[in-house]
Every structure is written in structure tokens, then in C-alpha cells.
Amino acid sequence: MRRAFAAAALCGATAEVPEGNRKLLETKPFPLPRGIRIGAVCIYGRFTISTALSDGAIGRASLEVHRQVAVDLLRPARFSSIHLQSVEAASLMDAERSDILIIGGGIAGIATALDLLDGGCSVLLVDRDGEAVFGGLARESFGGMFFVDSPVQRRQGIRDSTELAWRDWQSFAEFDPDDQWPRAWAQAYVNRTTRDVYRWVRGFGVSFLPVVNWVERGEFQPGNSVPRFHIAWGTGKGIAEALIGALRNHVKASRLTLRFNRRVERLTIEAGRVVGAEGVDEKNGTPFAVRAEQVVVAAGGINGDLGRVRQNWHRDWGRPPEILLNGSHRFADGRLHDASMAAGGVVTHLDRMWNYAAGVHHPRPRKPNHGLSLVPPRSALWLNWQGQRIGPQPLVSGFDTRRLVTDICREARPYSWQLMNRTIALKELAVSGAEFNPSIREKNRLGFLRDILRGNRWLVDELTGGCPDFVTAWSLPELVEKMNALQGDRAVSLAAVTDAVRSYDATIARGASLMNDEQLRRIASLRLYRGDRIRLCKFQPIEDKRAMPLIAVREFIISRKSLGGIVTDLQSRVLDAAGRPIAGLYAVGEAAGFGGGGMHGLRALEGTFLGGCILSGRLAAASINGKTEFLNG
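Residues numbered from 1 in each chain as written. Predicted model: local features only at pLDDT ≥ 70, side-chain atom pairs only at ≥ 80, totals over all residues. Heavy atoms only, no water.

## Focus on the packing of aromatic side chains
Under the definition given, this model contains 14 aromatic pairs. Seen from their ring centres, Phe134 and Phe260 are 5.2 Å apart, and the 75 degrees between their planes marks the pair as edge-to-face. Taken as a pair, Phe134 in the loop between strand E6 (123-126) and strand E7 (144-146) and Phe260 in the loop between strand E9 (256-259) and strand E10 (262-270) lie far apart in primary sequence, 126 residues in all. In this pair, the class of Phe134 matches that of Phe260, namely buried. Among the aromatic residues, ring-to-ring pairing joins Phe146, Trp169 and Tyr189 into one connected group. The positively charged end of Arg192 is found above the aromatic ring belonging to Phe630, 4.6 Å away from the centroid. The ring of Phe288 has Arg262 sitting right over it, with the charged end atom 4.9 Å from the ring centre. (Phe/Tyr/Trp six-rings, centres within 6.5 Å; stacked < 30°, edge-to-face > 60°. Helix = DSSP H or I, 4+ residues; strand = E, 2+ residues; numbered from the N terminus. Buried < 20%, exposed > 50% of the residue type's maximum accessible area, 1.4 Å probe, protein only. Lys NZ or Arg CZ within 6 Å of the ring centre and 35° of its normal.)

Next up, the structure:
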């Protein structure tokens, strides 16, 4: 392995010796263009050097230099070890073979596989997770989907159009002038989402709640002009199970092979073409290889790796918070971004992320820093780390999620508190995702109606009793004392909290015609739409003896989705730095920034993530199957 370690020395890597003489070797850094980092790892005798970007360096650093660094460093590392060559030779002789290899078993990979089977291809789908959780992050999601002029909207009397939706999307995205492919993908999504996503999932038995939610309305930047967030009956779990059932029961299911617990480490390249992939079976540690005519990367984004999230933290948000929670998939680590770059692909806009402002620690964590994303109650007061009301524009959810994150990150300590009472919590508190929405997840109509009418009593009790970030009290002095005890200091000021609460309550007491408070004006406006009115209190004071106890929630920024990713054309083909398709390589879903390396721009209108996974997967399959009519829309 000496020559392999010598290669590592050139790039400033830390490497681990496989077997026997295990130790870490730290070496001097190799000069590189600004924003480009090099890393090296040795796994099961294989030495791999990869590059990564910080602060959205693609677009500002030279793409060609970045590509060449990856290629030049990978080549000597790969062939410098006799042990490595022998392992690779053995794995390639034993490689499984298929027409198409799909890397990733989330909704994007599943949608791709379904359409490929329709076209008669043999498909091998490998996923790093276990079979019991087949479906990726979508399985854990709330299941909201963005559609334009859908039958559900029409039944509700909502007049929408692709022209209006495209105007809203461009406003919220704030695309850069050179965002050619992100812009093209965004327009394709707006034009095709109802025809090629809504009708497609309906064909597999997926249905939606009759009232469309209105989220991301916009604040300083206009957002959704009308409600477009369609909630799946059954949540994301129901969508995943419907598509998985269709996959397993497909008339050509004999041409489908599923492999779980497989970690793909690298793509196999021959004569400039991607012809397969290699990696490790994480159950037994043995290497594996797959050969295929086409490879589709559907392995998610980078936001499950908090180290990468911090490295690519957007400049608008300053320094990354000391405490950052993980609400992404545990295997969304960017490993396949690195592999795609090593094959000549381009990754862009990794600093664009869809993080949330109201994260709390999961009561029963299943991974490090496991967080839940609360749906922040609009009637709660949003306070900073000292107990002062954040402003001058108060924070209210449902208008601009990115602005909430930005304002909290500008604080000296980038976490916040929400202060409410039990009445507000029962009516408005919710958690995003399938896990804490059992009535919708299990399609329990009676339970869903009970929660709407009586409030989420079980949820409030679960969180106040089990989540470490919740404190309750019967007076403001007692509440502040508990807030400070939780944080371990005296940062929260009783005077600041008392002033915020009593000023807000006094404004409510003056009556609706004299409510000169922006949060109360927002509440009044929100209550005009029935989809919001049913889950929103009518000007509820905080210090109300009939609504006790008081509740304070400490909230952190929670990592969720990558808005940037691998650059692709409208056939989901991965492009090189010159804009040419890389033979044999496709990327879909979050791996491709949901299309083109970042179709959302700076902000998402919400509900576009699952739909982006499906549309990009279906376009990849159409390209492989040669379905030009579908590709042309």
C-alpha cells in the first residue's frame, strides 16, 4: 500500500491502513483552487480519493480544473496497489449483470424502475438500507405534492394555471443568470407535474385529501399565489408502499432484481463510458460489482451528512450552528456525488438547501442528532435565545421557510424558542412526516376527524412528556426558570419574555379592528382560507388562565433536503463540464437537485420534492427506453 499512501500525501488526505497496522497518517496539504477539497479513504483494501466543494464553489471555481483534479488523483490511487487490483479483478469476474443499474431505493429509483420494466429492460436496483425500510426518505415524509390546476384544486374552486405557477416559481427561486438547466427543469416540472406525476400516482391508487394546503405564500419575495400542496392520504409511506407494490407485482417483475444493504463506493468506467459500479455488502463486508449498459444514480442528496452540510453552508446564513439536527436520510451522504464527479460529472449549488427552523430532538432517536421538524404554530410567539421577540418582522410559518432559517441564523446564538399555551398547542402543533401523523398515515378517517375537532392531545402529551426541548409551567417566572435550566445558563430574560407576551396579549384585547401587530394581521389573513382556519386559533392570548399550562419549545435548525446536486439535461443524463452527456450515466431525484443540479433555485414552493423525484426518474427511463414522445412532453 506504500504507493497508495504516497498518492494520498499529494492531496493532504488522512488514510487508514486496512488490517494489521492500523493508524492514521496525516500529511501536508496539496495546493488547490479555492473552494475545492480533497479527501481520501481506504475501505476493504481499496484506496479512493475524491473531491468535494464548499460554499457552492461550482460556478465560481473552474469546473474543468475540478474535474481534472478528480480524474488525476483517482487514477494513481486506483492502480498503485497490487492488493487493490486483485480485489477489483475478482469482483469484476463475479459481477452481476443487468441492462440497467439503479443506485438508490427511494421514490426516484422506484419510479425509474417501474417505467424501465414497462419498456422491457432488466433492472438491478441496489440500496444501502434494509429491505424493511425500502422507499427511502419518502417513506418517512408527510407526502405533500405540488400540482398545478389539478382535479383536486378544481373541485375546491381554485383557479390555477401553468403560467401563474411558473411566475411564482421564478419569483421564489431567484435563479442565477447562468442557471440554464435548473431553469429548464423548473419549467418542465410546472408544465408536466399534473399530467405526468399526479395522474401517474393516481393510477397506482394514491389519493389526496380534498382540501389543498397553502404553504410558502411568500413574504418579501412572492411565492404560491394559490394553494398547491396536495397531502397524500396515507402520507409518504402510502405513496412508497403503493409504488413498491406495483414494482413487486409488475407483469415483468422477473426482470427486476433488488439488492439491499449494498453501499456503492465508485462507478466503473471503461473507454469513457460508465459500465457499472462497485462497493461493499454492509451485512458481511464483502465487495461486490455490477455491470450494466446504463447506470442511474438515485442515491439522494448530502443533507444526511452534517459535516458536508456545514462545509457547504450558505453564505446568507453566516456560520453553521453549533447544534444542527438531522432530519434527512441517514445515508444521504453525497457518496455518489463524489463518484459522479470522478466519472467527469459536475455538481453544483450544494450550498442551496431546504432546512427548517423548528427542529427538536427526537424522543426516540434512531441516528445521531436525530431531529423532528415541527410545523410551527402560527399563534405562538417566536423568541430569540434571550427571550426577545424576533423582529421587527415577526416570524410566522407558511410564508417563507428560508427567511425563518436566515433570521434565526443571524442571531448571536442560532437557536430559538416558541412560546404558547396548551390551547394553541392542541389546535396548531404538528410534526412534519409520517411518524407523528398516524391518522393520515394509517388512513383512519375517524381518528383524523377526532384530531381536527378535539386537537392532537396524544401528540402534545407525547412531546411535552418525551421531547427534551419542551418545558411547561403555570406562570411566566416558572417557565423562564425552566427554559434557563434546560439551556444551562441564565440567557433567557424574564423581563424580555414578560414584555413580549403581555404586549401581544394587550394588542389582542383591543379588538380585531385595532390589532396593530403583523403576526395578528397574518393570522387574520390565514383564517380567510378554510384549509388554514380549521387548524388555527382565533386570536388566542398567551397568558390565558383557561388555556394553561404555558409551553416553551427550544428549536434548532434541522437539515432536510439538498436543493443542488448533479447537473443533468432534460433526459436526466449527467453532463460533464463542457455540457456533454457522460455515456451510460444518469442522475435522478435529490441526487440531481431534483433535476438539472438545482431546479428550485434558492427556495422551494414545497411539495416539489416527491414530484421532482418521480418526474426526473420517468424522464431517465424514457431516455433509456427511447420514448421520444414522452421526452418531448
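## What about the pattern of salt bridges?
For the structure on display, the rule yields 49 salt bridges. The salt bridge partner of Arg308 is Asp338, with a shortest N-O separation of 2.4 Å. Taken together, the residues Arg308 in helix H9 (residues 306-311) and Asp338 in helix H10 (residues 335-342) connect sequence positions 30 residues apart. You'll find Arg308 and Asp338 in the same group, each marked buried. Across the pair Arg410 and Asp407 runs a salt bridge whose closest N-O atoms are separated by 3.6 Å. Judged by relative accessible area, Asp407 falls into the buried class, the value being 16%. Sharing partners across several salt bridges, the network here consists of Glu219, Arg403, Asp407, Arg410, Glu518, Arg521 and Arg522. (Salt bridge = Lys/Arg side-chain N within 4 Å of Asp/Glu carboxyl O.)

## Looking at the packing of helix H6 (residues 162-173) against helix H7 (residues 180-202)
H7 packs onto H6 with a crossing angle of 145 degrees between their chain directions and a minimal axis gap of 9 Å. In this structure, H6 crosses over H7, and the sense of that crossing is right-handed. Across the interface between the two elements, Thr162, Ala165, Trp166, Trp169 and Gln170 of H6 pack against Arg183, Ala186, Gln187, Tyr189, Val190 and Asn191 of H7. A per-class count over the contact of H6 with H7 returns six nonpolar, four polar and one charged. (Axes fitted to C-alpha atoms, helices over the stretch in contact; angles between N-to-C directions. Left-handed = near helix turned anticlockwise from the far one by under 90°. Contact = heavy atoms within 4.5 Å. Nonpolar A, V, L, I, M, F, W, Y, C, P; charged D, E, K, R; others polar.)

## Examining the nonpolar core
Across soluble globular proteins, nonpolar side chains have a tendency to be buried as a group. Ranked by size, the top nonpolar core spans 144 residues in total, and within it Ile102, Ile107, Trp169, Leu374, Leu463 and Phe470 carry the most contacts. Residue contributions to this core peak at 10 residues, all from helix H20 (residues 608-625). When near neighbours in sequence (up to four residues on either side) are disregarded, Phe470 contacts Val360, Leu374, Leu429, Leu463, Thr464, Ile551, Ala552 and Val553. With 27 residues, the next largest nonpolar core counts Ala292, Val297, Ile302 and Val347 among its residues. (Core = buried A, V, L, I, M, F, W, Y, C linked by side-chain atoms within 4.5 Å.)

## As for the pairing of E10
Burial of E10 is extensive: seven of the nine residues sit out of reach of the surface. Bridge count between E10 and strand E11 (residues 273-281): eight bridges; the pairing is antiparallel. Counted as the bridge partner of Arg263 is Val280 from E11. The turn joining E10 and E11, which pair antiparallel and follow one another in sequence, is formed by two residues; a positive phi near 50 degrees is taken by Ala271. (Pairing = 2+ DSSP bridges.)

## Section: the pairing of E6
Burial along E6 is two-sided: the face carrying Val123 and Leu125 and the face carrying Leu124 and Val126 are both buried. Taken together, the four bridges between strand E5 (residues 96-103) and E6 define a ladder with parallel strand orientation. Bridge pairing in E6 links Leu101 to Leu124. For the segment spanning E5, helix H4 (residues 107-118) and E6, crossover handedness is right-handed. Inspection of the sheet shows E6 paired to E9 by four bridges, in the parallel sense. Directly across from Val126, in E9, lies its bridge partner Arg259. (Right-handed = clockwise from strand over helix to strand, strands pointing away.)

## Digging into the confidence of the model for the protein chain
Confidence in the prediction of the protein chain, expressed as mean pLDDT, is 88, and 85% of residues score 70 or more. Across residues 1-93, where pLDDT falls below 50, the model places 160 contacts with residues more than four positions away in sequence or in other chains. (pLDDT = per-residue confidence, 0-100.)

## Here we look at the side chain of Glu278
Summarising the element assignment, Glu278 is placed in strand E11. Engagement of the side chain of Glu278 in a polar contact is seen with the side chain of Thr268, the distance being 3.0 Å. (Polar contact = N/O pair within 3.5 Å; in protein donor to acceptor, adjacent residues only side chain to side chain.)

## So, H10
Burial within H10 is extensive, with seven of its eight residues counted as buried. Every buried residue belonging to H10 is among Leu336, His337, Asp338, Ala339, Ser340, Met341 and Ala342, and all of these are buried. With its phi angle positive at about 105 degrees, Gly344 sits one or two positions after the end of H10.

## Focus on unusual backbone geometry
Geometrically, the link from Gly391 to Pro392 is a cis peptide bond, its omega value of 10 degrees lying close to zero. For the peptide bond that leads from Met548 to Pro549, omega is 5 degrees, which places it in the cis range. You will see that Phe594, though not glycine, has its phi angle at about 65 degrees, which is positive.

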